[in-house]
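Geometric and topological summary
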Amino acid sequence: MSKQTLIVIGNGMVGHHFLEQFSQSPAAETYRVIVFGEEKQLAYDRVHLSEYFTGSTHADLAMGTADWYADQGIDLRLNEPVTAIDRNSRVLTTPKGEYTYDQLVLATGSYPFVPPIKGNDQDGCFVYRTLDDLDAIQASAQSAKTGVVVGGGLLGLEAANALKSLGLQAHVVEFAPRLMPVQLDDQGGALLRQKIEDLGVQVHTEKATTAIVPGSDARLRMNFADDSHLETDLIVFSAGIRPQDTLARACGLEVGERGGIVVNNQCTTSDPNIHAIGECALWNNRIFGLVAPGYTMARTLSAALNKDTGAAFTGADMSTKLKLLGVDVGSIGDAHGQTPGARNIRFHDEQAGHYRRMVVSQDGKTLLGAILVGDNGPYDTLLQYALNGIELPANPEALILPESEGGAPALGADALPDTASICSCHNVTKGDISGAIDAGCTDLGGVKAETRASTGCGGCAALLKKVVDSELEKRGVEVCTDLCEHFPYTRQELFHLVKVNGIRTFRGLLKQYGKGQGCDICKPTVGSILATCWNEHILATDHVPLQDTNDTFMANMQKNGTYSIVPRIPGGEITPEKLIVLGEVAREYDLYTKITGGQRVDLFGATLSELPEIWEKLIAAGFETGHAYGKSLRTVKSCVGSTWCRYGVQDSVGMAITLENRYKGLRAPHKVKMAVSGCTRECAEAQSKDFGVIATEKGWNLYVCGNGGMRPRHADLFATDLSDEELIRTIDRVVMFYVRTADRLQRTSVWMENLEGGLEYLKQVVLEDSLGIGEELEQHMADLVDTYQCEWRTAVEDSEKRKRFREFVNAPEQKDPVQRWTSERGQRRPELEAVSS
Amino acid sequence: MKARTCWEAVCTVDDLVADSGIAVWTDDGPVAVFYLPHRLPALFAISHTDPFSGSNVLARGITGDINGEPVVASPLYKQHFNLRSGQCLEDESVQVKVYPVLLDGNRIRLEVQVAQAASVAA
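Right, let's walk through the structure included here. (Residues numbered from 1 in each chain as written. Chains lettered and ligands numbered in written order. Predicted model: local features only at pLDDT ≥ 70, side-chain atom pairs only at ≥ 80, totals over all residues. Heavy atoms only, no water.)

All names here are of chain A. The full count for this structure, using the stated rule, is six cavities of 30 Å³ or more. The element that contributes the greatest number of residues to the lining of the largest cavity is helix H23 (residues 774-786), accounting for three residues. Partitioned by chemical class, the residues of the lining of the largest cavity number seven nonpolar, six polar and five charged. A domain-level breakdown of the lining of the largest cavity finds at least three residues from each of domain 5 (491-547) and domain 6 (633-786). (1 Å grid on protein atoms, 1.4 Å probe; cavity = no way out; pocket = protein on both sides within 12 Å on 5 of 7 lines; lining within 4 Å. Points joined across faces, edges and corners; volume = space filled by probe spheres on them. Helix = DSSP H or I, 4+ residues; strand = E, 2+ residues; numbered from the N terminus. Nonpolar A, V, L, I, M, F, W, Y, C, P; charged D, E, K, R; others polar. Domains from an automatic or database assignment.)

Turning our eyes to something else, we now look at the side chain of Thr5 of chain A. Residues and elements named next belong to chain A. Secondary-structure assignment places Thr5 in strand S1 (residues 4-9). With relative accessibility at 9%, the residue Thr5 sits in the buried group. Filtering out sequence-adjacent residues up to four positions away, Thr5 remains in contact with Tyr31, Arg32, Ile34, Thr100, Tyr101, Asp102 and Gln103. (Buried < 20%, exposed > 50% of the residue type's maximum accessible area, 1.4 Å probe, protein only. Contact = heavy atoms within 4.5 Å.)

All names here are of chain A. The strand order across the open sheet built from four strands is S28-S29-S31-S30, with neighbouring strands paired in antiparallel fashion. The outermost strands of the open sheet, each flanked by one partner alone, are strand S28 (556-557) and strand S30 (592-595). Pairing of strand S29 (residues 563-565) with strand S31 (residues 601-606) involves three bridges; the strand directions are antiparallel. Residue pairing across strands places Tyr563 opposite Ala606, the latter belonging to S31. In the packing of helix H18 (residues 610-620) onto the sheet, contacts are made with S29 and S31, and the angle to S29 comes to roughly 5 degrees. (Pairing = 2+ DSSP bridges. Axes fitted to C-alpha atoms, helices over the stretch in contact; angles between N-to-C directions.)

Quick look at the environment of Gln492 of chain A now. Residues and elements named next belong to chain A. With respect to the element layout, Gln492 can be found in helix H13 (residues 491-501). C-alpha separation for the pair Gln492 and Ile529, spaced 37 residues apart in sequence, amounts to 9.4 Å. Excluding residues that lie within four positions of it along the chain, Gln492 makes contacts with Arg740, Thr741 and Ala742.

It is worth spelling out the layout of surface pockets at this point. Residue and element names in this part refer to chain A. Put simply, the second largest pocket is a space of about 580 Å³. Together, 32 residues line the second largest pocket, and Pro524, Asp548, Asp551, Lys631 and Leu745 are the ones closest to its centre. Of all the elements in the fold, those that place two or more residues in the lining of the second largest pocket are helix H15 (522-534) and helix H16 (549-552). The leading source of residues in the lining of the second largest pocket is H15, at five residues. Split into classes, the residues belonging to the lining of the second largest pocket amount to 14 nonpolar, nine polar and nine charged. Here the lining of the second largest pocket spans two domains, and each of domain 5 (491-547) and domain 6 (633-786) adds at least three residues to it.

All names here are of chain A. Spanning 12 residues, helix H5 (residues 154-165) covers 17 Å between terminal C-alpha atoms, matching the ideal 16 Å at 1.5 Å per step. Among all positions in H5, only Gly156, Leu157, Glu158, Ala159, Ala160, Ala162 and Leu163 are buried. Looking at the residues trailing H5, positive phi occurs at Gly167, about 90 degrees. (Expected span 1.5 Å × (residues − 1).)

Honestly, it's all geometry; don't read function into it.
Here you go:
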C-alpha cells in the first residue's frame with residue numbers, strides 16, 4: 001500500500017506538538033509527512049520569548065531538533081512559505097515548487113495586530129512575535145534610550161520586560177483604563193500597575209495614540225487623543241493578535257467574520273481534507289490565544305486522524321497563571337463576575353502587595369472565577385475548585401486569607417473528582433491515575449511510567465504522590481513506608497527504637513530489628529540517628545562503614561574523585577591572619593579556591609592522602625571542620641549588624657557565631673542552614689533558611705522551615721521579640737523535634753509541609769509544650785553540645801583513623817592517573833576529558 | 001591466546017576495613033578490595049574505576065546487600081555494582097571487572113593479568 005501524504009503548514013509550538021503526538025501514533029505508519037515553515041528556524045518556545053534578551057539562544061528555546069525530525073522521517077522545509085492552496089487538485093504552491101497532499105493541517109498561528117495609527121510603519125516601529133522581530137528590536141535598541149510598548153495586556157507586559165532587559169527606559173501605553181483588562185479588575189490592575197512602576201516601567205493608561213511623528217528629544221513622538229504626547233526612540237506594537245488565515249481565505253475555506261478558520265470539534269475545516277489547529281483556528285466563534293488550548297487541539301486532531309471517533313475539542317479553560325516582570329498574576333474562569341447573581345470575596349493586603357478576589361455563585365457553593373495579583377500561592381487550589389465544581393467550604397474566604405488568619409490548607413486528594421487534572425504537561429487526570437492503579441500499578445514509580453504524570457515539568461510531583469497514596473489506601477493497599485528492604489520501619493520509628501533501647505551500633509539494630517546486611521540507604525540513615533543519639537565519632541570502627549564517602553573522609557567528593565575542603569568560619573567572620581592561612585594552604589596544595597554562598601571558603605582538588613596533612617595545618621591555625629560534607633548544620637549566615645551598620649538594631653554577627661558554635665556537628669535528617677539579620681532590611685536573607693533570625697527593636701523574631709535551592713519556600717514566622725535565651729531555647733526545641741520526627745533526607749521545609757497540623761501544631765509542641773517533651777528536647781540538645789568534638793582534630797591525632805586516607809594502600813607514591821589538570825582563570829581545574837567510558 | 005596471570009600480593013589483613021573497601025594499585029591498574037566479615041567468602045575485589053564517571057572511587061562506596069547479593073554503591077552517582085559479578089544493577093549494559101581474590105596467611109592476593117603493554121585504568 002503506498003503511503004498518503006500529510007502536509008503541515010506552520011512550524012510553531014502547536015504545529016510541533018501535533019507532530020510529536022502524530023508521529024507516535026499508529027497512523028504515522030501510513031503517511032509521509034511534510035512540514036513547511038515560513039521562518040528560518042525550527043519551532044521555538046514563544047511563551048518565553050523575552051528570555052532571548054537575557055541570554056537564551058534559539059537552541060535553548062527550540063522545541064525539537066533537526067535530528068528529531070529526521071529520525072521521525074519528517075520532511076522539514078523551513079524558510080519555505082506556502083503561497084497558495086488548490087483544493088480541487090489538492091496541490092500546494094511554494095516559491096520552490098508544487099506539492100500534492102491527501103490531508104492538510106493549517107497551523108499558521110497568528111500575526112500581531114498593529115493599530116491603524118498614522119506613521120506606524122516608520123523606522124523604529126516593531127512588532128513582537130518572532131526571533132527576527134527580536135533581532136530587529138535588539139539592533140535598534142543599541143542606539144536607543146527609551147522604548148514604548150503599545151498594549152498593556154499579557155504580551156505587552158512581556159514585551160516591556162524584554163525592553164527593560166535591553167537596558168531601555170520602558171513605557172507601556174494602554175488604551176483601556178487598566179493593565180490586563182481581560183484578566184484583571186480595577187483593583188488588581190491598579191496593584192499590578194503599582195508593582196510594575198516600582199520596577200521602573202512607566203505605565204500610561206487611557207491613551208489613544210493618534211499619530212506617530214518624528215520627535216525632538218528622541219527619534220519618535222507619539223501624539224495622544226487627549227493632546228498629551230510621549231517621546232521615545234522605539235515603539236513595539238503588542239496590542240493583540242489576529243489569526244493568520246490568509247491562505248485559508250484565498251482558497252475559499254470558511255472563515256469567521258473577524259477572522260479565523262472555522263473548525264468543528266475534530267478541528268476539521270469546511271473542507272474535510274483540511275484541518276486547522278492553534279491560534280489560526282476559530283472554534284465556536286472563539287480564538288484561543290494561549291498555548292495549552294492549542295496543544296489540546298493538536299492532540300484532538302492527531303486522535304481524529306487515527307480514526308478515534310470519540311476525539312473532540314470542546315473548548316478550553318482560559319485561566320492563566322504567570323509571572324510578569326517578576327510579579328505573580330493569576331486569573332481563573334469568570335474573573336469579572338459576569339455570571340448572574342455572582343458574589344465577590346475580596347482580600348487586599350496593601351502592606352504585602354497581595355490582591356485576591358473570588359467570584360462565587362449566588363448560593364455561595366461554587367467558585368466561578370478568581371483574580372490574584374502579587375502572590376499566586378492559592379492559584380492551584382482555587383483552579384481545582386473552579387474547574388471541577390467542587391463544593392466550597394462553609395467559610396470560602398479561608399481559601400484566600402493568609403494562613404495565619406485562619407486560611408485553609410490546600411485541597412486534599414480525596415476531595416478531587418476523577419476529572420481533576422493532576423499533570424497538565426501530559427494531560428493526566430485523577431481518573432487516569434486510579435485507572436492505572438486498577439490496571440496493576442502498585443506504587444508511584446509504576447503510575448509515573450504508565451501515565452507519564454509528573455515526567456514533564458514535575459510541578460505536580462507532590463500532588464501526584466498524595467493522589468497515588470490516597471488511591472492505594474482506598475483499595476486497602478498499605479502504602480509502604482519502610483526505609484528499605486533491610487528495615488520494615490520509618491526513620492522516625494528507627495530513631496525511637498535506637499533511643500529507647502539504647503542501641504549503639506548498626507549491627508545491633510540490624511540484629512534486633514532488621515535483616516540482611518544493610519545498604520546505602522539504611523546505613524547512612526542509621527549512622528545519622530546513632531550520631532544524634534550518642535554523638536560518638538563518625539569514624540569510630542563500628543560507624544565507619546555506615547557513612548557516605550563524604551562523611552567517611554570528612555570532605556566533599558568531586559567528579560574526578562578528589563575532595564573539597566570547607567573549614568568552619570562561624571557567622572562569616574574571619575581574621576586577616578586566618579584568611580592568609582587559607583590562602584597559603586590553598587597555594588601550597590594548588591587548590592582551586594571559591595567563596596561559597598554560606599560566607600566561607602571552599603578549597604577544591606585535594607587528594608585523599610593530602611586531606612589529613614592539609615587539616616593539620618588548618619587546625620594549627622585554629623580552624624575547625626565545617627561539616628560541609630555532613631547532613632548537619634552548615635553555616636549561620638549574617639549581615640554585619642549593629643556594630644557597624646547604621647540601620648542595625650542588634651548584634652547579628654555575635655548571635656550568628658553563638659548559634660553556629662552551638663549547633664555545629666549536630667547530625668540531622670538533612671542539612672540545616674541558618675541566618676541572622678540585624679534589622680528588618682534582612683540582608684542575611686534569613687527567611688530563605690531552615691532557621692532565620694531577624695533582629696527587632698526588642699529582641700529577635702524567629703522564622704522556621706524556609707528553603708532556597710530547587711524549591712524555594714519562605715520561612716514561617718514562629719515567634720516574635722525573643723530574648724537571646726528564649727531564642728536559643730526555642731531553636732533547641734524545634735531542631736530536636738525535627739531531628740526526631742523527620743524522614744530520611746527531608747529538609748525542614750518539606751517536613752513542615754507534611755507535619756499534620758502544620759505550623760500551629762509545631763507552635764503548640766514547642767511554645768506551649770503540649771506534648772510535655774520540651775525539657776527533654778532541651779536536655780538532649782545540651783548533651784550534644786557538651787559532647788561536641790572537631791571530627792578532623794580527632795582524626796588527625798589518631799594514626800589508625802589516618803590509615804583510611806591512603807589513596808592506594810600498597811602504593812603511597814602512586815598518583816591516580818585519571819586525575820588530570822588544566823588551568824582556567826589562573827587556577828587549577830580538572831581536565832574535562834579525563835572521563836573515559 | 002590466554003593472557004598470563006599471577007597472584008599479586010596487594011595488602012595485608014590489617015589494611016582491610018570491615019564492611020567497607022580499600023583501594024590498591026596492581027599491574028592491572030586500580031582495584032577495590034572489600035571485606036564483608038558477615039559473609040562467606042568475605043573478600044571481594046572489583047575494578048576501582050567507576051564506569052559512569054571514569055574516576056577511581058568505587059572502594060569508597062557503601063557496601064551492603066540487595067536481594068541477598070553483595071553490592072557496593074558508587075559514591076558519585078549511586079549506581080550499585082554486584083561484588084560477585086561486577087554487574088551494574090541500574091544498567092544491564094554496564095559491568096566492572098571482577099578479580100579473583102584469596103587470603104594467603106596474612107596477605108591478600110589478587111589474580112591479575114601480568115602487565116604487557118602498559119594500560120592504566122583500562
